Amino acid sequence: MKTVTLYRPNLASNVLENALSGFDRYMDSFFGDNFLSPSERIFNRMPAVDVRETEKTYVLEMELPGFDEKDIEIRLDGNKLSIESKKEEEKNEEDEKKYLVRERRLSRVSRSFMLPENSDPEGINAAFKNGVLSLTVNKRPEAQQRLIQISKD
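Rules used in this analysis
Within each chain, residues carry numbers counting from 1 in the order of the written sequence. Reporting of local features is limited, given that this is a predicted model, to residues whose pLDDT is at least 70; pairs of side-chain atoms are given and counted only at 80 or more, and all residues count toward the totals for whole chains, interfaces and linings. To get the side-chain values, all heavy atoms of the structure are used, and hydrogens and water are removed first. We count a stretch as a helix when DSSP gives it H or I for four or more residues in a row; a strand needs E for two or more, and each element gets its number in order from the N terminus. To sort residues, take the accessible area from a 1.4 Å probe on protein chains only and compare it with the maximum for the residue type: under 20% means buried, over 50% means exposed, and anything in between is partly exposed. Polar contact is the term for a pair of N or O atoms within 3.5 Å; when the atoms are in protein, one must be able to donate a hydrogen and the other to accept it, and sequence-neighboring residues count only if both atoms are side-chain atoms. Paired strands are those between which DSSP finds at least two bridges. Axis geometry follows a simple rule: fit a line to the C-alpha atoms, using only the stretch in contact for helices, then measure angles between N-to-C directions, giving values from 0 to 180 degrees. On a scale of 0 to 100, pLDDT captures the predictor's confidence in every residue. Think of a nonpolar core as a cluster: buried Ala, Val, Leu, Ile, Met, Phe, Trp, Tyr and Cys residues, connected wherever their side-chain atoms sit within 4.5 Å. What makes two residues a contact is simply this: any of their non-hydrogen atoms within 4.5 Å. Salt bridges are defined as contacts in which a side-chain nitrogen from Lys or Arg sits within 4 Å of a carboxyl oxygen from Asp or Glu.

**Digging into the side chain of K139**
1) Next: If you trace the backbone, K139 turns up in strand β9 (residues 132-139).
2) Next: Classification of K139 as buried rests on a relative accessible area of 6%.
3) Next: Among the polar contacts made by the side chain of K139, one reaches the side chain of E53 at a distance of 2.6 Å.
4) Next: One polar contact links the side chain of K139 to the main-chain carbonyl oxygen of T54, over a distance of 3.0 Å.

**Quick look at the sheet that holds strand β4 (residues 57-63)**
1) Next: Pairing is antiparallel across the open sheet formed by 4 strands, whose spatial order is β3-β4-β9-β8. In this open sheet, the two strands that pair with only one neighbour each are β3 (49-53) and β8 (119-129). When the angles between neighbouring strand axes are averaged without regard to direction, this sheet yields 15°.
2) Next: Examined bridge by bridge, β8 and β9 share 7 bridges and lie antiparallel to one another. Its bridge partner lying in β9, A127 is registered against S134.

**Describing the side chain of S112**
1) Next: Structurally, S112 can be placed in strand β7 (residues 106-114).
2) Next: By relative accessible area, S112 is classed as buried at 13%.

**So, the pairing of β3**
1) Next: The pairing of β3 with β4 spans 5 bridges and is classified as antiparallel. Bridge pairing in β4 links E53 to Y58.
2) Next: Between β3 and β4, which pair antiparallel in sequence order, lie 3 residues.

**Some words on the pairing of strand β6 (residues 80-88)**
1) Next: Note: strand β5 (residues 72-77) against β6, 6 bridges, orientation antiparallel. Bridge pairing in β6 links R75 to S82.

**Structural notes on the confidence of the model for the chain**
1) Next: Residues at a pLDDT of 70 or more form 61% of the chain, whose mean pLDDT is 76.
2) Next: Element-level pLDDT for the chain is lowest in strand β2 (residues 43-45), with a mean of 52, against a maximum mean of 95 in β9.

**Topic: the nonpolar core**
1) Next: The biggest cluster of nonpolar side chains holds 16 residues, and the ones touching the most others in it are L60, L64, I83 and L133.
2) Next: Put simply, the parts of the chain that give this core at least two residues each are β4, β6, β7 and β9.
3) Next: When neighbours within four sequence positions are excluded, L64 is seen to be in contact with P47, I72, S85, V109, F128, G131 and L133.

**Comments concerning the pattern of salt bridges**
1) Next: Evaluated as defined, the whole model comprises 6 salt bridges.
2) Next: A cluster of three or more residues bridged by salt bridges with shared partners is formed by D68, K70 and D71.

So, in structure tokens, the structure goes:
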């Protein structure tokens, strides 16, 4: 049985991205802020996600601490479910002068999942509470397990 899987369009680019991230950390250790990136670089983080299956649904729970409901965008394109969140702090000239290091100006997270064929695209519900986004994806009724009675003839 197929379940919800992480969407990875190009595994090679993820490997390269991780290698470059390590290179960035290496350069940061010598020069402080990475000289290859602008001071307002975007920090991409991979939020933790738990995926579980019940008899009638798939449930995805994603940690998004520090984000609000208005910061979160959920899209469904075919069977690809994408969750993206972006938060930008307002710039204040006076505050800029007080920081020695400022890394939390912009946060962006994104995850995508391929839903199994037995999922119901019309039956997706989302809730957000205490920094955790919960998505419930219903299974199509015909795909759900059912008990078949033996007829007495």
